[in-house]
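Residues per chain, in single letters:
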Amino acid sequence: MSALAWGMKSLARHPLRSLLSLAGIAVAAAMLLDMVMLSGGIDQSFAQLLLSRGYQIRLSPKGTLPFDTEASLRGTSAILASLRRDPAIDAAGAVLGASLYGRSGDTLITLVGYGIQPQAQALYQVTAGNDLESGDTLGVLLSEPAAQLLKAGLGDSISLLGRLDPQVAVAGIARRLVVRGMVRFVYDYRGQPSVGTVLATMQRLARGDAEDRASLIVVKVRDDRAVERVAAGLRQRFPRLEIFSVADLVAHFRERLVYFRQLSYILGSMSLVVAVLLIATLLTITVNERLGEIATLRAIGVSRATIVRQVFAEGAVLTLLGATLGILLGLVTAHYLDAILTSFPGLPASFSFFVPRANTLSRAGVILALTGSVAGLYPAWLAARAPIAATLRAEAT
Amino acid sequence: MSEPILVARELQKDYPMNGETVHALRGVSLRIDRGEYVAIVGPSGCGKSTLLQLLGGIDVASSGSVELLGTRLDTLSDRELTHLRLTRLGFVFQRFHLLPVLSARENVELPMAEAGLRPAERRLRARELLEYVGLGSRVEHRATQLSGGEMQRVAIARALANRPAVLLADEPTGELDAGTGQEIVELFRRVNRDGSTLVVVTHDDHLAREASRVVHLLDGRIRSD
């Protein structure tokens, strides 16, 4: 009989006890998996988000990353022209963020506006209709929440107003635009009403046209391996700008989340300790209950190694089944926890805290297998050291 | 002259108990030859089971020695002793001690698997042995589905699995009613008749009467042989 079959049969002796233990191990394993996913998932999700459109470098005014609608670059066209002349750069595009109003009947609705260059944008994906053409100063793109608030669909005209500036008390500029497409802005939080126009239109609405302003420039480098070298070159060419590669941004992000990661390690470790204690307790109880049986097996010539193997097999089956259930449970709970966490204000809806990856799952699996082995050590030692004659005498009385 | 299988010389066994020393055996010498059927009898606490455990190499004497087929057991390592118990000795216990999660066949196969017999070979021999002890129709029943008498038959089949030189039994009818005990007595008679050497510790007069030789123990010494 294989060791695993032996383990299964042993567990079947006390089905309810085994099931309860399995449930406990599954919960601990689920927690461990979630913590492992959480500890590395945020970084990865952030990197995926930044690279979702393939742009590896960001240029922005000093101290404004990740994004700031108040500070802006000036002379954007000149910077872009300079970037596009660089043979290592495949594409470069500017983004201007601005607060806008949209009119729905008599109501003004606050919107987030993006001025983009459709030929080089890292902000959205078209979900319906068409993208804007480069010179389409009369077109607009809407996010789903914006479309709902404005009660507008493809081909409809909407009225956008630049925000009134309270400091200069100048009325905002109004433009009437036609909805060309529905888009999903990848950095928007859940329910964020956003609109996109070509850069020139947004510059006018935000009164930034005279200074050719933009909030951010995104750069796509031809060769991924050259990103850091190109970023270093850009830092020298544009010393007054902030220049970050995605790797830099992830590193900054990781630094900020160090406490979060430490917490996940602590909780993960605690769940491991719980799993070890649970398995060790169950196996110790089982071994103590079966000392007579173990002594008999030893008496009829079964080696210590076989006895130890049987105890470990039982632990392995418990761990294997518990881990399998735990991984399923962990994936389900991660899904729900992710939905709760990403609904926090200010977080991009496409951001994920829990990212299931093959190496995360295998890492959790390896940790759990080690856990099962460690947990089996004491009961296995107990079983191997059982005194044959004394145990049989005690059994007989 | 008959060939000695088991030879015990001046066996003494002391146990510490509640701060005092209990002398379970006080210099027991015994020779058991091939094909013998020896019953060890005596009142409770006289040292019968202790003697059987020393003869079977599952306990160590305080002094004296046991030889099995010319090998002194006290010279063997734990691993060697375990292998010797597996291949040269068969044990039957009062409380059967079958593994409840295994079938009758799997219980009988257990020592053969430990000895490294191929699965097909051990399956065949387990079936033959279960037929031999009269359980041909209960081969795939779990131990928990068997009666006390049937469990003891399975235990006897398990003890015979690796063709031992000696079969040692400790109160094999102690947990059985009179009728079932008698069946086991008859089975032992048949096992001995078919060539196995038997050493049985018992309180059961019927079982003792079947033996070719009866050793009486009293207070850790042989009173008569």
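In the block above lies the structure referred to throughout.
Read on for a plain summary of the structure.

Criteria and thresholds
- Residues numbered from 1 in each chain as written.
- Chains lettered and ligands numbered in written order.
- Predicted model: local features only at pLDDT ≥ 70, side-chain atom pairs only at ≥ 80, totals over all residues.
- Helix = DSSP H or I, 4+ residues; strand = E, 2+ residues; numbered from the N terminus.
- Rg over C-alpha atoms; globule rule 2.2 N^0.38 Å.
- Buried ≥ 20, exposed ≤ 12 C-beta atoms within 10 Å, placed from the backbone.
- Contact = placed C-beta atoms within 7 Å.
- Nonpolar A, V, L, I, M, F, W, Y, C, P; charged D, E, K, R; others polar.
- Pairing = 2+ DSSP bridges.
- Axes fitted to C-alpha atoms, helices over the stretch in contact; angles between N-to-C directions.
- Arc of directions from axis to C-beta.

What to know about the overall build of chain B
Here comes step 1: Helices and strands together make up the secondary structure of chain B, namely seven helices and 10 strands.
Here comes step 2: For 225 residues, the compact-globule formula gives about 17 Å, and the C-alpha radius of gyration of chain B, at 17 Å, lands near that figure.
Here comes step 3: Oriented by its inertia axes, the alpha-carbon framework of chain B measures out at about 50 × 45 × 40 Å.
Here comes step 4: Taken over 225 residues, chain B has a buried fraction of 49%.
Here comes step 5: Restricting to contacts in chain B with at least 6 residues of sequence separation, those with at least 24 account for 70%.

Examining the interface of chain A and chain B
Here comes step 1: Facing the 18 residues of chain A at the interface are 20 residues of chain B.
Here comes step 2: Secondary structure elements with two or more residues in the side of chain A that touches chain B: helix H1 (3–11), helix H9 (291–299) and helix H12 (388–396) of chain A.
Here comes step 3: Its residues placed into classes, the side of chain A that touches chain B shows eight nonpolar, six polar and four charged.

Quick word on the sheet that holds strand S9 (residues 213–218) of chain B
Residue and element names in this part refer to chain B.
Here comes step 1: One open sheet holds the six strands; their spatial order is S6-S7-S8-S3-S9-S10, and the pairing between them is mixed. Here the strands that pair on one side only, and so sit at the sheet edges, are strand S6 (89–92) and strand S10 (221–224). Pairwise comparison of adjacent strand axes, ignoring direction, gives a mean angle of 25 degrees for this sheet.
Here comes step 2: Strand direction decides the pairing type here: strand S7 (residues 166–170) and strand S8 (residues 197–201), joined by five bridges, are parallel. Across the sheet, the residue bridging to Ala-169 is Val-200, located in S8.
Here comes step 3: Where helix H6 (residues 178–193) meets the sheet, its contacts fall on strand S3 (37–41), S7 and S8, and the angle it forms with S8 comes to roughly 150 degrees.

As for helix H3 (residues 76–84) of chain A
In an α-helix there are 3.6 residues to a turn, and that puts residues three or four apart on one side.
All names here are of chain A.
Here comes step 1: Residues Thr-76, Ile-79, Leu-80 and Leu-83 constitute the buried set of H3. In an axial view of H3, the angular spread of the buried residues amounts to 95 degrees, which keeps them on one side of the axis. Among the exposed residues of H3, those pointing more than 90 degrees away from its buried face are Ser-77, Ala-78 and Ala-81.

Regarding unusual backbone geometry
Residue and element names in this part refer to chain B.
Here comes step 1: The phi angle at Phe-96 is positive, at roughly 60 degrees, despite the residue not being glycine.
Here comes step 2: Residue position: Phe-96 is located in the loop between S6 and helix H3 (104–114).
Here comes step 3: Positive phi values are uncommon outside glycine, yet Asp-219 reaches one of about 50 degrees.
Here comes step 4: Tracing the backbone through its elements, the reader meets Asp-219 in the loop between S9 and S10.
Here comes step 5: For Asp-219, a count of 14 C-beta atoms within 10 Å puts it in the partly exposed group.

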